[in-house]
Amino acid sequence: PGGGAMIVSTWDFGAAANDAAFARLKAGGTLIDAVEAGGMVPEADPNNHSVGYSGYPDRDGHVTLDAVIMDDRGGVGAVAALEDTVHAISVARRVMEKTPHTFIVGEGATRFARDQGFPKVNLLTPEAEKAWRDWLKTSQYRPEANIENRRPRGGALDHDTIGLLARTADGRMAGACTTSGMAFKMRGRVGDSPQVGAGLYVEAGVGAATSTGLGEEVTRVSGSARVVASMRAGLSPQAACEEVVRHIAKLRGDAIKGTQVGFLALSPKGEVGAFCLLPGFTYAVTDSEGVTVVKKGPSLF
Ligand code: SD4
């Protein structure tokens, strides 16, 4: 990258999100405008069963969304277990801008979304409902790596997210992360994604990181904060992503067999790092030259 603005995001479907985010930056939008616009793309996509509209529900049949947005000046807004609202990332932004809080959950988050004028929308599509009813026959929680990138996803245990990181030419940064979380999760379960330091972390002059995969394994170690801490200590974004993945693998041993966790990091200078447990992690990098989808993110196993 030539030192200009950049957007990076998790998974193949990040390419379309990056386009929207980059367009906002080019049109004079702020970094927060950009990462919000990026997150809104998969949120509205009926073919994406892991973010927003048509997300897979929890095991009681409710689609519940988690999202966080963060700048590098201490601005943070997050929601978890938000229902009946397509654009969780925009509600997270309103938490940041319109409330004295950083994180609102559950019924309060849904009520806040209504108060802010977000329309009430039933997020459970017939396709997602069918997948849930099929799942109920066995009710098995079995991690299935990289299911995020297989379409159609019909019924498998799905757990993914879009995490976006953005920088401007002068090295300012912001990030966003939005998801419907693990498919068929227990009611009230909150993953890594909306938690600052787990699913996302941004620090001025140091870098930004985001995660995807089975959130419990990321939350356990405050994964994204750990990546940024390593960068603060001098590691490259790549080395920092590798460090946290190795740490998780060592900590968890056999308990994470078959589990995917991936990290993506960006430095203020525009260096990108990516590393995951299992092969199959993909991500998208956009700069003024266009988009590159990296189909083989490096992995530990
Ligand atoms: C979670 N990590 O809820 C989030 C979403 C996800 O890939 O699946 N990320 O566990």
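Keep in mind that what you see is a predicted model, and the values were worked out from it rather than measured. Here the residue index of a chain counts from 1 through its sequence in written order. Where local features are concerned, this predicted model is filtered to residues with pLDDT of at least 70; where side-chain atom pairs are given and counted, the filter is 80 or more; whole-chain, interface and lining totals use all residues.

J.: What exactly am I supposed to notice about the nonpolar core here?
T.: Here is a general trend for soluble globular proteins: nonpolar side chains tend to be buried in one another's company. Val79, Ala92 and Ala166 are the most contacted members of the largest nonpolar core, which has 86 residues in total. Secondary structure counts use DSSP, requiring at least four H or I residues in a row for a helix and at least two E residues in a row for a strand, with both numbered from the N terminus. Sort the elements by how many residues they give to this core and helix H2 (residues 31-43) lands first, with seven residues. In this view, Val79 contacts Asp66, Ala67, Ala88, Val91, Ala92, Val95, Ile104, Val105, Ala109 and Pro194; residues no more than four positions away in its chain are not counted. What makes a nonpolar core is a set of buried Ala, Val, Leu, Ile, Met, Phe, Trp, Tyr and Cys residues, with links drawn between C-beta atoms within 7 Å. Here a residue counts as buried when 20 or more other C-beta atoms sit within 10 Å of its C-beta, as exposed when there are 12 or fewer, and as partly exposed otherwise, the C-beta atoms being derived from the backbone. Counting residues in hydrophobic clusters, the runner-up holds eight residues, among them Ala128, Trp132, Trp135 and Ala183. By definition, residues are in contact whenever their C-beta atoms, placed on the basis of the backbone, come within 7 Å of each other.

J.: Hey, could you run me through the packing of helix H1 (residues 14-26) against H2 in this one?
T.: Two quantities define a packed helix pair, namely the angle between the axes and the distance from one axis to the other. Note on geometry: axes are lines fitted to C-alpha atoms, helical ones only across the stretch in contact, with angles between N-to-C directions running from 0 to 180 degrees. Look at H1 against H2: their axes get within 7 Å of each other, and the N-to-C directions meet at 150°. As far as their axial angle goes, H2 and H1 are roughly antiparallel. Relative to H2, the crossing made by H1 is right-handed. Touching Ala16, Ala17, Asn18, Ala20, Ala21, Arg24 and Leu25 of H1 are Asp33, Ala34, Val35, Ala37, Gly38, Gly39, Val41 and Pro42, all from H2. Throughout this entry, Asp, Glu, Lys and Arg are counted as charged residues, while Ala, Val, Leu, Ile, Met, Phe, Trp, Tyr, Cys and Pro are counted as nonpolar. The remaining residues, Gly among them, count as polar. Its residues assigned to classes, the contact of H1 with H2 shows 10 nonpolar, three polar and two charged. Orientation is classified from the angle alone, with under 35 degrees giving roughly parallel, over 145 giving roughly antiparallel, 65 to 115 giving roughly perpendicular, and any other angle giving oblique. The sense of a crossing depends on the near helix, which, turned anticlockwise from the far helix by less than a right angle, makes the crossing left-handed and, turned clockwise, makes it right-handed.

J.: Even after reading the chapter, I still don't get the environment of Leu123, so can you show me in this structure?
T.: Position of Leu123 relative to the elements: it lies in the loop between helix H4 (106-115) and helix H5 (126-136). Sequence spacing of Leu123 and Asp84 is 39 residues, and the spatial spacing of their C-alpha atoms is 6.0 Å. Not counting residues up to four positions away in its chain, the partners in contact with Leu123 are Tyr53, Ser54, Gly55, Val63, Asp84 and Val86.

J.: What am I meant to see in helix H8 (residues 237-252) here?
T.: Residues spaced three or four apart along an α-helix point in a common direction, a consequence of the helix completing one turn every 3.6 residues. By this rule, a helix spans an expected 1.5 Å times one less than how many residues it contains. Taking 1.5 Å as the rise per residue, H8 with 16 residues should run 22 Å; its terminal C-alpha atoms sit 23 Å apart, in good agreement. For H8, every residue scored as buried is listed here: Pro237, Ala240, Cys241, Glu242, Glu243, Val244, Val245 and Ile248. Here the buried face of H8 lies against strand E8 (207-213), helix H6 (215-219), helix H7 (223-232), strand E9 (261-266) and strand E10 (272-276). Taken from the residues just after H8, Gly253 is the one with a positive phi, measuring 55°.

J.: Sorry, what's going on with the pairing of strand E1 (residues 6-10) here?
T.: Look at any regular strand and the pattern is simple: side chains alternate between the two faces of the sheet. Buried residues dominate E1, accounting for five of its five residues. Residues of E1 alternate between two faces, with Met6, Val8 and Thr10 on one and Ile7 and Ser9 on the opposite face, all of them buried. When E1 meets strand E11 (residues 283-287), the two strands line up antiparallel, connected through four bridges. Directly across from Ile7, in E11, lies its bridge partner Thr286. When DSSP finds two or more bridges between a pair of strands, those strands are recorded as paired.

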